[in-house]
Amino acid sequence: RKEVEQDPGPFNVPEGATVAFNCTYSNSASQSFFWYRQDCRKEPKLLMSVYSSGNEDGRFTAQLNRASQYISLLIRDSKLSDSATYLCVVKGGGADGLTFGKGTHLIIQP
Amino acid sequence: DTGVSQNPRHKITKRGQNVTFRCDPISEHNRLYWYRQTLGQGPEFLTYFQNEAQLEKSRLLSDRFSAERPKGSFSTLEIQRTEQGDSAMYLCASSPSGRPGEQFFGPGTRLTVL
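Quick caveat, the model's predicted, so the values are computed rather than measured. (Residues numbered from 1 in each chain as written. Chains lettered and ligands numbered in written order. Predicted model: local features only at pLDDT ≥ 70, side-chain atom pairs only at ≥ 80, totals over all residues. Heavy atoms only, no water.)

Describe the interface of chain B and chain A, and please don't skip the residues or the numbers.
Across the boundary between the two partners, chain B contributes 19 residues, which contact 16 residues of chain A. Carbon and sulfur atoms make up 53% of the area that chain B and chain A hide from each other, which totals about 1,400 Å². Counting the surface chain B buries against chain A, the share from its top three residues, B:Pro43, B:Gly101 and B:Phe105, is 30%. For the interface between chain B and chain A, the tally reads 0 salt bridges. The tally of links between chain B and chain A comes to 4 residue pairs in polar contact (both at pLDDT 80 or more). (Contact = heavy atoms within 4.5 Å. Buried area = accessible area lost by both parts, 1.4 Å probe. Salt bridge = Lys/Arg side-chain N within 4 Å of Asp/Glu carboxyl O. Polar contact = N/O pair within 3.5 Å; in protein donor to acceptor, adjacent residues only side chain to side chain.)

Describe the state of the cysteines, listing the residues and the values that go with them.
All names here are of chain B. On inspection of all chains with the given rule, the structure shows 2 disulfides over all chains. Across the disulfide from Cys23 sits Cys92; the S-S distance is 1.8 Å. Because the torsion about its S-S bond is -65°, the bridge between Cys23 and Cys92 counts as left-handed. Residue Cys23 is located in strand S3 (residues 19-24), and its partner Cys92 is located in strand S9 (residues 88-95); the two are separated by 69 residues in the primary sequence. No difference in accessibility class separates Cys23 from Cys92, as the two residues are buried. (Disulfide = S-S within 2.5 Å. Helix = DSSP H or I, 4+ residues; strand = E, 2+ residues; numbered from the N terminus. Buried < 20%, exposed > 50% of the residue type's maximum accessible area, 1.4 Å probe, protein only.)

Can you lay out the pattern of salt bridges for me, pointing to particular residues and giving the numbers?
Counted under the stated rule, the structure contains 8 salt bridges over all chains. Across the pair A:Asp77 and A:Lys79 runs a salt bridge whose closest N-O atoms are separated by 2.9 Å. The salt bridge involving B:Arg99 is made with B:Glu102; its shortest N-O contact spans 2.8 Å. Here the residues in one salt-bridge network are B:Arg64, B:Glu83 and B:Asp86, joined through shared partners.

Account for the sheet that holds strand S8 (residues 75-79) of chain B, naming residues and giving values.
All names here are of chain B. Pairing is antiparallel across the open sheet formed by 4 strands, whose spatial order is S1-S3-S8-S7. Edge positions in the sheet fall to strand S1 (5-7) and strand S7 (65-68), since each has one partner strand and no second. Neighbour-to-neighbour, the strand axes of this sheet turn through a mean angle of 15°, independent of strand direction. With 4 bridges joining them, S7 and S8 adopt antiparallel strand pairing. Looking at the pairing, Glu68 lines up with Thr76 of S8. (Pairing = 2+ DSSP bridges. Axes fitted to C-alpha atoms, helices over the stretch in contact; angles between N-to-C directions.)

Outline the nonpolar core, supporting the account with residue identities and numerical values.
In terms of nonpolar packing, the biggest core is built from 22 residues, with A:Phe21, A:Trp35, A:Ile71, A:Leu73, A:Ile75, A:Tyr86 and A:Leu106 touching the most fellow members. Mapped onto this core, the elements with two or more residues apiece are strand S3 (19-25), strand S4 (30-38), strand S5 (44-50), strand S7 (60-65), strand S8 (70-75), strand S9 (84-92) and strand S11 (104-109) of chain A. A:Phe21 has contacts with A:Phe11, A:Trp35, A:Ile71, A:Ser72, A:Leu73, A:Ile75, A:Tyr86, A:Thr104 and A:Leu106, leaving out every residue within four places of it along the chain. Ranked by size, the runner-up nonpolar core spans 19 residues in total, among them B:Leu61, B:Ala67, B:Cys92 and B:Val113. (Core = buried A, V, L, I, M, F, W, Y, C linked by side-chain atoms within 4.5 Å.)

Describe the side chain of B:Asn30, naming the residues involved and giving the relevant values.
As for its placement among the helices and strands, B:Asn30 is situated in the loop between S3 and strand S4 (31-37). Those residues within four positions of B:Asn30 in sequence are excluded, and the remaining contacts are B:Phe49, B:Gln50, B:Asn51, B:Arg69, B:Ser95, B:Pro96 and B:Ser97.

I'd like a rundown of the sheet that holds S3(A), residues and numbers included.
All names here are of chain A. If you trace the 5 strands from one edge of the open sheet to the other, you get S1-S3-S8-S7-S6, paired in antiparallel fashion. A strand with exactly one partner marks an edge of an open sheet, and here the two such strands are strand S1 (4-6) and strand S6 (55-57). Along the sheet, successive strands turn relative to each other by an average axial angle of 20°, direction set aside. Across 3 bridges, the pairing between S1 and S3 is antiparallel. Residue Glu5 lies in a different strand from S3, and its bridge partner there is Thr24.

Before we move on, could you go through the confidence of the model for chain A and cite the residues and values that matter?
The share of residues in chain A with pLDDT of 70 or more is 96%, and the mean pLDDT across the chain is 93. Mean pLDDT across the elements of chain A ranges from a minimum in strand S10 (residues 95-100) of chain A, with 83, to a maximum in S11(A), with 97. (pLDDT = per-residue confidence, 0-100.)

Right, dumping it as structure tokens:
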């Protein structure tokens, strides 16, 4: 079983729609959770941390379910500029390096 | 530009040759990480430094790979006797003390082994 699993997509979504991605992680000792964004041929960039109580940053909402080992990202009112690959990232279990999922490819269509 | 920088951006080499990449982290960051990314995959952790100490190495880091951060500033990653399977994007990241999950990535070095 992969440590972090995501649906690779692509998700084709019309501009203005709401889209949600999920990911699951296998290491129950994981301590910190993040979503990173990676544009084509660019480096990953931190989008947001994910907290147990859930957190929101503008149009983006992240949720964590430790019991089910499940992380989600919701994007509301999607923009063309949201087109990218979204990487689910887990840290912990004694390790300091980040464990990345393969990413979910999102395409926002006009 | 005060971000993470990496050199060279591209490297083409023949199988069996040695290559070395350099990473300059954000100056106030004491943690530095190396990752490898291949097409369609997320980055895979290779190793990390806190200041000049190499504190963790992934099992992906074979004995042909070595990394250094001699003065706690820039870092180098050397691959000896390159193989075609080493072809990948090599990413460097740095993070501030106390926030290891908030990593800032450089643009990467794309290695092609012929």
